[in-house]
Amino acid sequence: MGIRFVLMVNKQGQTRLAQYYEYLTLEERRTLEGEIVRKCLARNEQQCSFVEHRTYKIVYRRYASLFFLVGVDNEENELAILEFIHLLVETMDRHFGNVCELDIMFHLEKAHFMLEEMVMNGCVVETSKANILAPIQLMDKTS
């Protein structure tokens, strides 16, 4: 399957966006997020951006005050996932203009929509920023 979940978390460990591509109960999600966030936020910048947790490989990257965490299968390519995270941030930057935590909080539906345009059923299906943003810009024009 590839990508199992995508999380955006601030420096205090508060989840700002969570998208799961496999079924987990709310309690399982809460527990998993807590464990992963504690593990990733405790690491320093000199350590690598890959962590193994349970049956997942966690690939994460910090941009300003947000951590982008992606849980993938153990067979998934870590560098490809880092590229995916970078593409997600660049796409959000293009739309919001230097994306920050407040943009995610106040425009959560747009952030989810961008993610849904990029990933379907745990597989990256779109990498063109223009194609990802076109439906969102169309919705902005009509509203």
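Residues numbered from 1 in each chain as written. Predicted model: local features only at pLDDT ≥ 70, side-chain atom pairs only at ≥ 80, totals over all residues. Heavy atoms only, no water.

Participant: Where do I start with the overall build of the protein chain in this structure?
Facilitator: Assigned secondary structure in the protein chain consists of 5 helices and 7 strands. The linear arrangement of helices and strands in the protein chain, starting from the amino end, is β-β-α-β-β-β-α-α-α-β-β-α. A compact globule built from 143 residues would reach a C-alpha radius of gyration of about 15 Å, and the protein chain, at 15 Å, matches this within 12%. With the C-alpha coordinates aligned to their principal axes, the bounding extent of the protein chain is approximately 45 × 30 × 30 Å. (Helix = DSSP H or I, 4+ residues; strand = E, 2+ residues; numbered from the N terminus. Rg over C-alpha atoms; globule rule 2.2 N^0.38 Å.)

Participant: Could you clarify how one ought to interpret the layout of surface pockets in this entry?
Facilitator: By rolling a water-sized probe across the atoms, one finds the places where empty space is left. Taken as a whole, the largest pocket spans an internal volume of roughly 190 Å³. Lining the largest pocket are Cys40, Leu41, Arg43, Asn44, Glu45, Gln47, Cys48, Ser49, Tyr60, Arg61, Arg62 and Phe67. Secondary structure elements with two or more residues in the lining of the largest pocket: α1 (26-41) and β4 (56-63). Partitioned by chemical class, the residues of the lining of the largest pocket number 5 nonpolar, 3 polar and 4 charged. (1 Å grid on protein atoms, 1.4 Å probe; cavity = no way out; pocket = protein on both sides within 12 Å on 5 of 7 lines; lining within 4 Å. Points joined across faces, edges and corners; volume = space filled by probe spheres on them. Nonpolar A, V, L, I, M, F, W, Y, C, P; charged D, E, K, R; others polar.)

Participant: Which parts of the structure should I look at to understand the pattern of salt bridges?
Facilitator: Enumeration according to the criterion identifies 9 salt bridges in this entry. Of the charged contacts in the structure, one is a salt bridge between arginine 4 and aspartate 73, with a shortest N-O distance of 2.6 Å. Of this pair, arginine 4 sits in strand β1 (residues 3-10) while aspartate 73 sits in the loop between β5 (66-72) and α2 (78-96), and the two are 69 residues apart along the sequence. According to the relative accessible area criterion, arginine 4 is buried, its value standing at 18%. As a salt-bridge pair, arginine 30 and glutamate 27 come within 2.8 Å of each other at their nearest N and O atoms. Of the two residues, arginine 30 and glutamate 27 are both situated in helix α1; the distance of 3 residues between them amounts to about one turn of the helix. With a relative accessible area of 53%, arginine 30 lands in the exposed category. Its relative accessible area of 49% is what places glutamate 27 among the partly exposed residues. Among the charged side chains, a salt-bridge network with shared partners connects Arg4, Glu22 and Asp73. (Salt bridge = Lys/Arg side-chain N within 4 Å of Asp/Glu carboxyl O. Buried < 20%, exposed > 50% of the residue type's maximum accessible area, 1.4 Å probe, protein only.)

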